[in-house]
Amino acid sequence: MNDVAPSLSPQDCLVAVMVAVSASDENLRTTELVTIERIVNHLPIFAKYDQDRIRTVSQTVFDLFAEEDGLDALFGLIRDNLPEHLFETAYALACDVAAADGSLGETEIRLLEEIRFELAIPRLNAAAIERGARARHLTL
């Protein structure tokens with residue numbers, strides 16, 4: 001990877017968090033990718049977002065995951081480019097992507113814990129966000 005850190009918009013950061021959760025188990029599931037697309041297509045925060053950026057942001061995440069300290073670098077980029085008032089939004093979107101396929105793997109759980117820690121999401125707030133994601137993705 002090059003030595004120049006990419007510049008990310010706040011929306012890019014949100015996409016990066018969602019892609020990171022999806023890629024955390026090294027298996028990008030269709031349901032997770034469809035969830036990311038649905039979120040970007042429908043949430044007001046993405047109203048003026050160039051969807052062509054998703055591919056670029058995804059490649060940045062994959063490149064960082066290939067580096068030894070890539071996860072730390074990803075969180076650094078996110079903290080530097082995502083306004084603090086959107087930290088809980090990032091966690092909520094990450095939970096939605098993780099819950100999209102109906103099960104959470106160990107790596108997804110660990111990454112969600114890391115996101116909570118890195119973005120300083122209070123435990124009670126995180127529990128409410130997690131419960132909402134579970135409720136939205138229940139099946140019969």
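Residues numbered from 1 in each chain as written. Predicted model: local features only at pLDDT ≥ 70, side-chain atom pairs only at ≥ 80, totals over all residues. Heavy atoms only, no water.

(A) Layout of the overall build of the chain. Each helix and strand in the chain was counted, giving seven helices and zero strands. Across its three principal axes, the chain shows a C-alpha extent of roughly 45 × 30 × 30 Å. When each of the 140 residues of the chain is scored for burial, the buried share is 42%. Taking the contacts inside the chain whose residues are at least 6 apart along the sequence as the reference set, 77% of them involve residues at least 24 apart. The average position of the 12 basic charges and that of the 24 acidic charges among the side chains of the chain differ by 9 Å. (Helix = DSSP H or I, 4+ residues; strand = E, 2+ residues; numbered from the N terminus. Buried < 20%, exposed > 50% of the residue type's maximum accessible area, 1.4 Å probe, protein only. Contact = heavy atoms within 4.5 Å. Lys, Arg positive; Asp, Glu negative; His and termini not counted. Charge placed at Lys NZ, Arg CZ, Asp CG, Glu CD.)

(B) Highlighting helix α4 (residues 70–81). The terminal C-alpha atoms of α4, which comprises twelve residues, lie 16 Å apart, in line with the 16 Å expected from a rise of 1.5 Å per residue. For α4, the set of buried residues is G70, L74, F75, G76, L77 and I78. Looking at the buried positions of α4, the neighbouring elements they touch are α1 (10–23), α3 (53–65) and α6 (106–118). (Expected span 1.5 Å × (residues − 1).)

(C) Spatial organisation of helix α2 (residues 30–42). The terminal C-alpha atoms of α2 lie 18 Å apart, and with 13 residues this matches the ideal 18 Å at 1.5 Å per residue to within 8%. Looking only at α2, the buried set comprises E32, T35, I36, I39 and V40. The buried residues of α2 occupy one face: seen down the axis, they fall within an arc of 130 degrees. Away from the buried face of α2 by more than 90 degrees, exposed residues T30 and H42 are located. Of the surrounding secondary structure, the elements contacted by the buried residues of α2 are α1, α3, α5 (87–99) and α6. (Arc of directions from axis to C-beta.)

(D) Structural context of the packing of α1 against α3. At a minimum axis distance of 9 Å, the contact between α1 and α3 shows a crossing angle of 55 degrees. Here α1 lies oblique to α3, going by the angle between them. Judged by the twist between their axes, the crossing of α1 over α3 is right-handed. Seen from α1, the contacting residues are D12, V15, A16, V19, A20 and A23; seen from α3, they are R53, I54, V57, S58, V61, F62 and F65. Among the residues forming the contact of α1 with α3, the class breakdown is ten nonpolar, one polar and two charged. (Axes fitted to C-alpha atoms, helices over the stretch in contact; angles between N-to-C directions. Parallel < 35°, antiparallel > 145°, perpendicular 65-115°, else oblique. Left-handed = near helix turned anticlockwise from the far one by under 90°. Nonpolar A, V, L, I, M, F, W, Y, C, P; charged D, E, K, R; others polar.)

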